Amino acid sequence: MSATKSSRLELRLTHEQKSEIEQAAAIAGRSVTDFSVPLLVKEAEQVIRIERELSMSKRSWDAFNRILERPARPISGLADLLKRPSVFED
């Protein structure tokens, strides 16, 4: 089942860009929308993924892992906090 398409996106293109997109869509046997939207969404997903991706140098990664490998230590008041009833329960 496909989602209802109710939103529009307007683009300003040169005559040459528009013509080339229309030609490619026609060659692919698709409408300009069906040709363009998947490409735009794929590019958007990649930009978002790269923005959200955590990257660091090997030195920072090694330091991060050393911290993770440290033994756990008690945190003052944490045991008491965990014994309290949850604020999300009635």
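What you are looking at is a predicted structure, and each value in this text was computed from that prediction instead of being measured.

### Regarding the layout of surface pockets
Where empty space is left can be seen by rolling a probe of water-molecule size over the atoms.
Alright, step 1. Volume-wise, the largest pocket comes out at about 730 Å³.
Alright, step 2. What lines the largest pocket is a set of 20 residues, among which Leu 9, Leu 11, Thr 33, Ser 36 and Val 37 lie closest to the centre.
Alright, step 3. When residues of the lining of the largest pocket are traced back to their parent elements, those giving at least two are α1 (15–28) and α2 (32–52).
Alright, step 4. When residues in the lining of the largest pocket are grouped by element, the largest group, 8 residues, is from α2.

### Some points on the pattern of salt bridges
Alright, step 1. The final tally for this structure, using the stated rule, is 4 salt bridges.
Alright, step 2. Residue Asp 34 pairs with Lys 5 through a salt bridge whose shortest N-O separation is 3.8 Å. Residue Asp 34 is found in helix α2, and its partner Lys 5 is found in the segment before α1; the two are separated by 29 residues along the sequence.
Alright, step 3. Note on Asp 34: relative accessible area 38%, which makes it partly exposed.

### Remarks on a nonpolar patch on the surface
Alright, step 1. A surface patch of nonpolar side chains, about 530 Å² in accessible area, is lined by Leu 54, Met 56, Trp 61, Phe 64 and Leu 68.
Alright, step 2. By the secondary structure assignment, Trp 61 is in helix α3 (residues 58–69).

### Points about the packing of aromatic side chains
Alright, step 1. In the structure shown here, the tally under the stated rule is 1 aromatic pair.
Alright, step 2. Ring centres of Trp 61 and Phe 64 lie 5.7 Å apart, and the angle between their planes is 35°; on these two criteria the pair is classed as tilted. Placement of the pair is Trp 61 and Phe 64 together in helix α3, with a separation of 3 residues, close to one helical turn.
Alright, step 3. Classification of Phe 64 by relative accessible area gives partly exposed; the value is 36%.

Conventions adopted
Residues numbered from 1 in each chain as written. Predicted model: local features only at pLDDT ≥ 70, side-chain atom pairs only at ≥ 80, totals over all residues. Heavy atoms only, no water. 1 Å grid on protein atoms, 1.4 Å probe; cavity = no way out; pocket = protein on both sides within 12 Å on 5 of 7 lines; lining within 4 Å. Points joined across faces, edges and corners; volume = space filled by probe spheres on them. Helix = DSSP H or I, 4+ residues; strand = E, 2+ residues; numbered from the N terminus. Salt bridge = Lys/Arg side-chain N within 4 Å of Asp/Glu carboxyl O. Buried < 20%, exposed > 50% of the residue type's maximum accessible area, 1.4 Å probe, protein only. Patch = residues over 30% accessible without salt bridge, like charges linked within 9 Å, V, L, I, M, F, W, Y side chains within 5 Å. Areas by Shrake-Rupley, 256 points an atom, 1.4 Å probe, with all protein chains shown as cover. Phe/Tyr/Trp six-rings, centres within 6.5 Å; stacked < 30°, edge-to-face > 60°.

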